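Okay, here's what each chain looks like letter by letter:
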Amino acid sequence: MPAHALKRSTLLTLCACVLVAQSMVAAINLLIPQLGSSSLHPSHTEVLWTVDAYVIVFAGLLVPAGALGDRHGRKGALLAGLALFAAGAATSALAPVPALLIAGRGLSGAGAALITPATMSILVRLAGPERRAQALASWTLALGLGGLAGNVGGGLVGQFLSWRALFWAMVPLAAVLALAVAVTTPRTARSAQGSPDPVGTLLLTAGLVAVLFGIIEGPGHGWTSARILSAFTAGALLLGAFTLHALRSPAPLFDPRVFRSRGLRTATLGLATGFFGLFALFFVNSQYLQEVKGFSSAVTGLAIVPLIVGMALVPRFAARWAAHPRPVVGTGLTLIGLGLLAASTADAHTPYPLYACWLLVLSAGTGLAMPALTLGVVVSLPEHRAGLGSGLGTSAREVGAALGVAVAGTALAGHADFASGMGPALRVVGTVVLVATAVVVAGYRGTGRAAPVAPGTAPAKEPVA
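Everything numeric here is computed off the predicted structure, so don't read it as measured data.

A. Region of interest: the overall build of the chain. Within the chain one finds 15 helices and 0 strands. Counting all 465 residues of the chain, 57% fall into the buried class. Long-range contacts, defined here as pairs at least 24 residues apart, represent 86% of the contacts in the chain between residues at least 6 apart. By element, 69% of the accessible surface of the chain is carried by carbon and sulfur atoms, the whole surface being about 17,300 Å².

B. Quick peek at the nonpolar core. Residues L78, L307 and Y355 are the most contacted members of the largest nonpolar core, which totals 127 residues. At 20 residues, the largest contribution of residues to this core is made by helix α5 (residues 98-160). Residue contacts for L307: discarding those within four places in its chain leaves L148, L278, L281, F282, L359, L362 and S363.

C. Main features of the packing of aromatic side chains. All told, the structure shown has 7 aromatic pairs when counted by the stated rule. Taken together through their ring pairs, the aromatic side chains of Y288, F295, Y352 and Y355 make up a single cluster.

D. Spatial organisation of the state of the cysteines. Under the defined criterion, the tally for this structure stands at 0 disulfides. Counting only cysteine sulfurs, C15 is the nearest neighbor of C17, a cysteine outside any disulfide, at a range of 9.2 Å. We classify C17 as buried; its relative accessible area is 1%.

E. The packing of helix α1 (residues 8-26) against helix α4 (residues 74-94), seen in detail. The N-to-C vectors of α1 and α4 enclose an angle of 35°; their axes lie 12 Å apart at closest approach. Here α1 and α4 pass one another in a crossing that is left-handed. Here α1 contributes L14, C17, V20, A21 and M24 to the contact with α4, which in turn contributes L78, L82 and F85.

F. Representation of the side chain of T266. Looking at the secondary structure, you find T266 in helix α9 (residues 262-292). Only 3.4 Å separates the side chain of T266 from the backbone oxygen of G443, close enough to count as a polar contact. Discounting chain neighbours no more than four positions away, the residues touching T266 are L373, V440, G443 and Y444.

G. Quick look at the confidence of the model for the chain. Of all residues in the chain, 89% have pLDDT values of 70 or greater, and the mean over the chain is 80. Ignoring residues within four places in sequence, the model shows residues 448-465, a span with pLDDT below 50, making 50 contacts including any to other chains.

H. Inspection of the environment of V171 at higher detail. With respect to the secondary-structure elements, V171 resides in helix α6 (residues 163-184). Along the sequence, V171 and A83 sit 88 residues apart, while their C-alpha atoms lie 8.9 Å from each other. Those residues within four positions of V171 in sequence are excluded, and the remaining contacts are A86, A89 and A90.

So, how was this worked out
Residues numbered from 1 in each chain as written. Predicted model: local features only at pLDDT ≥ 70, side-chain atom pairs only at ≥ 80, totals over all residues. Heavy atoms only, no water. Helix = DSSP H or I, 4+ residues; strand = E, 2+ residues; numbered from the N terminus. Buried < 20%, exposed > 50% of the residue type's maximum accessible area, 1.4 Å probe, protein only. Contact = heavy atoms within 4.5 Å. Areas by Shrake-Rupley, 256 points an atom, 1.4 Å probe, with all protein chains shown as cover. Core = buried A, V, L, I, M, F, W, Y, C linked by side-chain atoms within 4.5 Å. Phe/Tyr/Trp six-rings, centres within 6.5 Å; stacked < 30°, edge-to-face > 60°. Disulfide = S-S within 2.5 Å. Axes fitted to C-alpha atoms, helices over the stretch in contact; angles between N-to-C directions. Left-handed = near helix turned anticlockwise from the far one by under 90°. Polar contact = N/O pair within 3.5 Å; in protein donor to acceptor, adjacent residues only side chain to side chain. pLDDT = per-residue confidence, 0-100.

Following this line, the structure appears as structure tokens:
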């Protein structure tokens, strides 16, 4: 497909879709106090599930949703995702009881799982090799800005409006985006290989959900509790069963042997590492600014805006160095780790401008590393499996994000109050990021831009849908 097939209007529309989907991961966090005291009278567990249902379903369905779009039409998958996202938001907005609120969040998460891989897959197909790095840098920027938009939007809604307003706003927004997709986005060639794999989809999704449940609920229930150990055991058994099924199936959801590619393994670990650090910061930041610095929820949402600067400016330069991922990724992830260690020194007396400088360091690291890592996943798989690649990469992001929040929360739980626990928690997270960075950098040795892929994944002539 010629490079000129990617028009600016298409790029903006697809980036707006992924930004909105990602924003709902973070937006609800700043509404927890208002939600807890609302007329729904949710229990503490129900509040947690309102937050977690979106992430668990979103991350759990990403890989099958990406493969579904590759095989049956990426534009159709994107439009279906926007419809599910809007339906879930409307369900949450109208919910008379906590159970329906949680169900709506899960439905929106399923929509986001269709939206995210479809957008990147379409971009990869339309951009062509010449513009792929720049297009993926824009997509990665939108993904990062989605987290920031969620923080800002959630803070403003929590300060001035009802929590229901957040969900109501998503309904017309999704409708406008669906119209924009219908007008600006062409259909792309489908993958001619494979067929639906319901058994593999069920095993993989159930396994990922079980693992994510254990990660997210671990700090609250205790990592050695029967519930959490059972979740991890079930997740391991289900993922093992998926692997065996996929290796034996003539048409699996995806071939696990794609992970023989060192480039794919390295890029997914790098993505998980970056989001591990970033979402640990998001988790700690809102509590630090509100509980320690005394900021309102609206000001708290705005106070993380310095993270936009590096994410917006650095990817443009990082795309020029796409052929040299090792130094780019290594430097970017190192900046994230160092930024976390610097933020760990913050206390009630730290001036906000100084704290904002540390956010800028994290921002520059994220903007530098994430486009190169995203491109690393894409070039490690054949072009016709771009949706699967996006699903794998975004799953790594979401699992990393969940782990970051869980590790930070566990470290905080070991201290008498937040003020005394924030520094140790961020030091733990920052140290993990730096250690993982060394592993990622080592993984790039001997790898080129395009890594070999698993047997049986060569491109074939593909129909358009």
